[in-house]
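Examining the three-dimensional arrangement
Chain by chain, the residues run as shown.
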Amino acid sequence: MGVLLPLLAQLTISVTAPDTVAVLEPIMLTVEMSAPSTRPPRLVAPDFGELSVGRTTASTYVERDGGSARVHVEIRYVLEASRPGDYVVAPFEARLGGESVRSDAIRIVVRGPAGLTVPPIVTRAPFDATASVSVAATVSPDTVYVGEQTTYQVAVFIDETVRNRLRRNPGFTPPELRSMLAYDLSPLRGVLPSRKVGDRRFEPHLYQRAVFPLVPGRHVVPPAELHYAIPLSYSFFSREEGRVLRTDSLVLVARETPLEGRPTNWSGAVGELALDAAIRPARARVGDPAVLTLTVSGVGNINMLPRPIVALSWGQLIPAQERVTIDRSSEVIRGAKEFDWVITPTLSGPQELPVIPYPFFNPRTERYEIALSPVDTVTIASGSLVVSDDATADTVPLLPLRTAYRGEQGPPLHSRRPYWLLLVTAPLPAAFVAFVRRPRKRKTVSAASILRGLGGRRTKLTPGELRRAYVNALAQRLHLSAGTLATRSDFARSLRRAGVSAQTTDLAAALLGELDDAAYGLRPATVSALVDRAKRSYRAVDAEARVLLTPASAGSIVLSGLLLVAAAGTLAGSIPEEEHALFQRGSREYQERRFVDAERSFGEITRIAPDAPDAWANFGTVAWAAGDTAAAAVGWQRALRLEPMARDVRSHLAMYQPTSARSFAWVPPLSMPVLAVAVAVLWISAWLLALVRSAGRTSIRRNTIAVAALSAVLLVAVGILLDERLAARRLSVVGEVTMLRALPALAGDAVLTVHPGSIVRAMSRRGEWVLVQLENGREGWIEAPMLVSIARN
């Protein structure tokens, strides 16, 4: 029944509910509100009293007509009554701004339950009457069709004298069912009759499950377990003895549905079903979304029901949410499953929702039947968007293609033997020189060490000895003979050529002049002060002078560079003419807007040359133009992983699915060849510096060598992580619209809808099902044929 109250034909409220229901049967109460606004009105719900409130859902949509808009709100309550009687739901109130409107009260009659039906397992099942506690299990019927319900029952018989001694309720562990979906049925209302065997009376308890086999064949139901404990005496402090009872294993045979009479569009629905359809709003506009809801209701495995096949000539359809309502209060599973589609109308005027067929197999009649939806009509108003392929085909701008085809990339630098051979042999020259020039028994002390040690000796130091040590230290540092520094002019010229600043050179030349005067007795001087100045002057020259390499060291650098270039270079092989011809043909077809043909041409190149980034990039672009989002995602993802620094591909990917650095689909803008060259340069440079240090031609700090070598090692670790991310071994693209399910079966609860082009990460696999993780962290099961891997070949 329903009540509709308008307030000045503006704010309205409508409340509907069934007139009569049975005890514990779900009561669907629907409240609909509308107002001339884009802001939804607020609902003030009454106190439901003895009616318990279960699930509540709400939906809102805005209907536009010209410059006006009207908001519609629908709220559904699932109520339940625990006892029979007449129930009155007080009026609902809708408020918007300063206006409000109330509905009438709703009266619902709740019927009493039918007489208690005692299952045969309670009255006729054999059990061990000599034991104080016994169990029995049955599955009825034991032969069903795939998707048909059978009932699994376990009866527990407890001697009434023992029942009074039990201190706690027994624990029951149901069997683990494979290839079957099970629902626990609600306990029977009422008291089951006791079972009398001889002079003993047993109290029965019943556990029931509705079982649906998912695959044909012979299925074994494992034993169930009952755990209980009996006191050893009647004393309150008596110890308890734990016991375990197991039922017998049962066999269930599932038959495949017959091939005779099977409709071509049958997708696996089994049960006794009916179909209903509704479109909201009843008036829509071209380009504005509307919602189509198909409700499949009846008896059967509601979770297992597949989505109906719908096609409209006046709008585009996108599958949306699914909702399931299951009633387990009776011996058979019944309920309803709602399927939503988002409709984008493309034609204006009155449009008809055609009759939608939903074929199913009825196991009761053992034949295929078809449920038909009622015909509905919706009025589509003209809108600003006119979606017409013919009208817009020549006006939609196209994404640019790559015009040059470079063929397949050669093997990566880090995968070649010469590269690693070069890195392995780089330390050998330095090690060899260090071994040859290892300290002998007669240790040679450098001139710089002699200079640093002056001033601490007990013997008196003469100015001549100080001058000799100072000049020898500088000559050794600059790789010159001491004779070239004899005069002050030669001395200053040599320092300047070595890169020493003018100020430091002038101070060193002045010091040399004072040492000359002191050595020849022309001017008295304090030797200790001259020693300190000589040490400071040497340190300044050592810090500013360039590192001078020997010809052998320079030759080693040149040779290493040549080896690196030889290893980094790729052998430019000739590109097959077939690939060139396909590339040119695909580009021409794309410009002519024959997108499907262009996708086929570039796809053929990727099959022949799977490591050609230009082919993958263009394949993604033409697939995007053809409306194939999944293929576009595959092409662009593989192109970007071949060329991580390609800006065009990165910008294309950002159009439909932008990713952050935290996303598992994010590709770092760093190329493996660049990283491999950086590793080689740092590693070889470190060992060349070690070679120069070992030769004793210059003073190079060990810290410099260690930093270069450590940086190369760290870059190797970065390269390993980068290579793993670019390989994308566990990443896939969803190829078609599918449902993310909680269990690896078609009967599993649908978590959410996954659209084509979504990138998922595989966690594990079970048969034909893959456990995946979405970008938002949600996990669920998807059928393996729905996924296209983007892993590197």
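Summarised in this report is the structure supplied together with it.

Calculation criteria
Position numbers for residues start from 1 in each chain and track the written sequence from start to end. Only residues with pLDDT of at least 70 get local features here, since the model is predicted, and only at 80 or more are side-chain atom pairs given and counted; chain-wide, interface and lining totals rely on the full set of residues. Remark: hydrogens and water are excluded; side-chain values derive from all non-hydrogen atoms of the structure. Working definition: a ring pair exists when centres of Phe, Tyr or Trp rings (six-membered ring for Trp) sit within 6.5 Å. Plane angles under 30 degrees give stacked, over 60 give edge-to-face, the rest tilted. Only DSSP runs of H or I with at least four residues qualify as helices, and only runs of E with at least two residues qualify as strands; both kinds are numbered from the N terminus onward. Each residue is placed in one exposure class: buried if its accessible area under a 1.4 Å probe, protein chains only, is under 20% of its type's maximum, exposed if it is over 50%, and partly exposed if it falls in between. Only lysine NZ and arginine CZ atoms are considered, and such an atom sits over a ring when it is within 6 Å of the ring centre and within 35 degrees of the ring normal. We call two residues contacting when some pair of their heavy atoms lies within 4.5 Å. A helix is expected to span 1.5 Å multiplied by its residue count minus one. Helix axes are fitted to C-alpha atoms over the stretch in contact, other axes to C-alpha atoms as well, and angles between N-to-C directions run from 0 to 180 degrees. The sense of a crossing depends on the near helix, which, turned anticlockwise from the far helix by less than a right angle, makes the crossing left-handed and, turned clockwise, makes it right-handed. Any residue that is not Ala, Val, Leu, Ile, Met, Phe, Trp, Tyr, Cys, Pro, Asp, Glu, Lys or Arg is counted as polar, Gly included; the first ten are nonpolar and the last four charged. Two strands qualify as a pair provided DSSP detects at least 2 bridges between them. Any carboxyl oxygen of Asp or Glu that lies within 4 Å of a side-chain nitrogen of Lys or Arg is treated as forming a salt bridge with it. The nonpolar core is taken to be a set of buried Ala, Val, Leu, Ile, Met, Phe, Trp, Tyr and Cys residues, with the residues joined through side-chain atoms within 4.5 Å. Note on patches: the residues involved have over 30% relative accessible area and no salt bridge, like charges join within 9 Å, and the nonpolar side chains Val, Leu, Ile, Met, Phe, Trp and Tyr join within 5 Å. Reported accessibility uses the Shrake-Rupley method at a 1.4 Å probe radius. Residues are deemed covered only where the shown protein chains occlude them. Note on angle classes: values under 35 degrees are labelled roughly parallel, values over 145 roughly antiparallel, values of 65 to 115 roughly perpendicular, and the remainder oblique. The arc in question is traced by the directions running from the helix axis to the C-beta atoms. Think of a polar contact as two N or O atoms within 3.5 Å of one another; within protein, one of them needs to be a possible hydrogen donor and the other a possible acceptor, and neighboring residues in sequence only count if both atoms come from side chains.

1. Concerning the packing of aromatic side chains
- If you walk through the whole model with that rule in mind, you get 17 aromatic pairs.
- A centroid spacing of 5.5 Å and a plane angle of 85° characterise the contact between Phe583 and Phe602, whose relative ring orientation is edge-to-face. Taken as a pair, Phe583 in helix H12 (residues 577-591) and Phe602 in helix H13 (residues 595-608) lie far apart in primary sequence, 19 residues in all. Residue Phe583 shares its accessibility class with Phe602, and that shared class is buried.
- Between Tyr590 and Phe595, the ring centres sit 5.8 Å apart and the planes meet at 55°, which makes this aromatic pair tilted. An identical accessibility class is assigned to Tyr590 and Phe595; each is buried.
- Here the aromatic cluster, defined as three or more aromatic residues joined through ring pairs, consists of Tyr145, Trp266, Phe361 and Tyr368.
- Its guanidinium or amino end placed over the ring of Tyr145, Arg255 lies 4.2 Å from that ring's centre, counting from NZ or CZ.
- Just above the ring of Trp341 sits the side chain of Arg307; from NZ or CZ to the centre is 4.7 Å.

2. Overview of the environment of Arg111
- Mapped onto the elements of the fold, Arg111 is located in strand E11 (residues 106-111).
- Judged by relative accessible area, Arg111 falls into the partly exposed class, the value being 43%.
- Along the chain, Arg111 and Ala81 lie 30 residues apart, while their C-alpha atoms are 9.7 Å from each other.
- In this structure Arg111 touches Thr20, Val21, Ala22, Val23 and Pro84, once residues within four positions along its chain are discounted.

3. Quick word on helix H14 (residues 613-625)
- Given a rise of 1.5 Å per residue, 13 residues ought to cover 18 Å, and the 19 Å separating the end C-alpha atoms of H14 matches this to within 8%.
- Of all 13 residues making up H14, 11 are buried, and the element is well covered by its neighbours.
- All of the buried residues in H14 are Pro613, Asp614, Ala615, Trp616, Ala617, Asn618, Phe619, Gly620, Thr621, Val622 and Ala623.
- Backbone geometry just after H14 places Gly627 at a positive phi near 85°.

4. Let's talk about the packing of helix H9 (residues 502-519) against helix H10 (residues 527-544)
- Following both chains from N to C, one finds H9 and H10 inclined at 145°, their axes separated by 10 Å at the closest point. The crossing of H9 and H10 is left-handed. Side by side, H9 and H10 meet where Thr504, Ala508, Leu511, Glu514, Leu515 and Ala518 of the first sit next to Leu530, Arg533, Ala534, Ser537, Ala540, Val541 and Glu544 of the second.
- Classifying every residue of the contact of H9 with H10 gives 8 nonpolar, 2 polar and 3 charged.

5. Digging into the sheet that holds strand E10 (residues 99-102)
- The 3 strands lie next to each other as E5-E9-E10, forming an open sheet whose pairing is antiparallel. Across the chains shown, the open sheet's two edge strands, defined by having one partner strand only, are strand E5 (42-44) and E10. Ignoring which end each strand starts from, the neighbouring axes of this sheet average 20° apart.
- Across 4 bridges, the pairing between strand E9 (residues 93-96) and E10 is antiparallel. Counterpart to Glu93 in the pairing with E10 is Arg102.

6. Things to note about the pattern of salt bridges
- Taken as a whole, this structure holds 29 salt bridges when the rule is applied.
- Residues Glu93 and Arg102 are paired through a salt bridge, measuring 3.7 Å at the closest nitrogen-oxygen approach.
- Ionic contacts of the salt-bridge type, sharing partners, join the residues Glu74, Arg76, Arg323, Glu338 and Asp340 into one network.

7. What to know about the nonpolar core
- Membership of the largest hydrophobic core comes to 42 residues, with the highest contact counts inside it found for Tyr405, Tyr590, Phe602, Ile605, Val649 and Val733.
- Within the residue set of this core, elements represented by two or more residues are H12, H13, H14, helix H15 (629-642), helix H16 (647-656), helix H17 (672-695), helix H18 (702-727) and strand E32 (731-734).
- Once residues lying within four places of it in the same chain are set aside, the contact partners of Phe602 are Leu401, Phe583, Gly586, Ser587, Ala615, Asn618, Phe619 and Val622.
- One finds Val15, Leu29, Val89 and Ile106 within the second-largest nonpolar core, a separate group that totals 29 residues.

8. Considering a nonpolar patch on the surface
- A surface patch of nonpolar side chains, about 360 Å² in accessible area, is lined by Val355, Ile370, Leu372 and Val375.
- On the secondary structure map, Val355 appears in the loop between strand E28 (349-353) and strand E29 (357-362).

9. As for the packing of helix H7 (residues 463-477) against H9
- At a minimum axis distance of 8 Å, the contact between H7 and H9 shows a crossing angle of 150°. Judged by the inter-axis angle, H7 sits roughly antiparallel to H9. The handedness of the crossing between H7 and H9 comes out as left-handed. Two secondary-structure elements touch here, H7 through Pro463, Gly464, Leu466, Arg467, Tyr470 and Val471 and H9 through Ala508, Leu511, Leu512, Leu515, Asp516, Ala518 and Ala519.
- The residue inventory of the contact of H7 with H9, partitioned by class, reads 10 nonpolar, 1 polar and 2 charged.

10. Some remarks on the sheet that holds strand E13 (residues 143-145)
- Strands sit in the order E13-E22-E19 across an open sheet of 3 strands; the sheet is mixed. The outermost strands of the open sheet, each flanked by one partner alone, are E13 and strand E19 (217-221). Geometrically, the sheet is characterised by an average inter-axis angle of 30° between neighbouring strands, direction not taken into account.
- Relative to strand E22 (residues 250-255), E13 runs parallel, the two sharing 3 bridges. In the strand pairing of E22, Val144 is matched with Ala254.

11. Let's talk about helix H8 (residues 488-497)
- When H8 is considered as a whole, its buried residues turn out to be Phe491, Ser494 and Leu495. Projected down its long axis, H8 carries its buried residues within an arc of 100°, all on one side.
- Its buried side turned inward, H8 meets H7, H9 and H10.
- Positioned one or two residues after H8, Gly499 has a phi angle of 95°, which is positive.

12. So, unusual backbone geometry
- A cis amide bond, omega -10°, links Ser140 with the succeeding residue Pro141.
- Inspection of the secondary structure puts Pro141 in the loop between strand E12 (133-140) and E13.
- Residue Glu366 is not a glycine yet carries a positive backbone phi of 55°.
- One can find Glu366 in the loop between E29 and strand E30 (367-372).
- The exposure class assigned to Glu366 is partly exposed, which follows from its relative accessible area of 45%.
- In this model, Arg593 sits at a positive phi of 65°, which is unusual for a non-glycine residue.
- The topology assignment puts Arg593 in the loop between H12 and H13.
- Using a relative accessible area of 25% as the deciding quantity, one classes Arg593 as partly exposed.

13. Considering the side chain of Ser601
- Relative to the helices and strands, Ser601 is located in helix H13.
- Using a relative accessible area of 2% as the deciding quantity, one classes Ser601 as buried.
- Side chain to side chain, Ser601 and Glu589 meet in a polar contact 2.9 Å long.
- Those residues within four positions of Ser601 in sequence are excluded, and the remaining contacts are Leu582, Arg585, Gly586 and Glu589.

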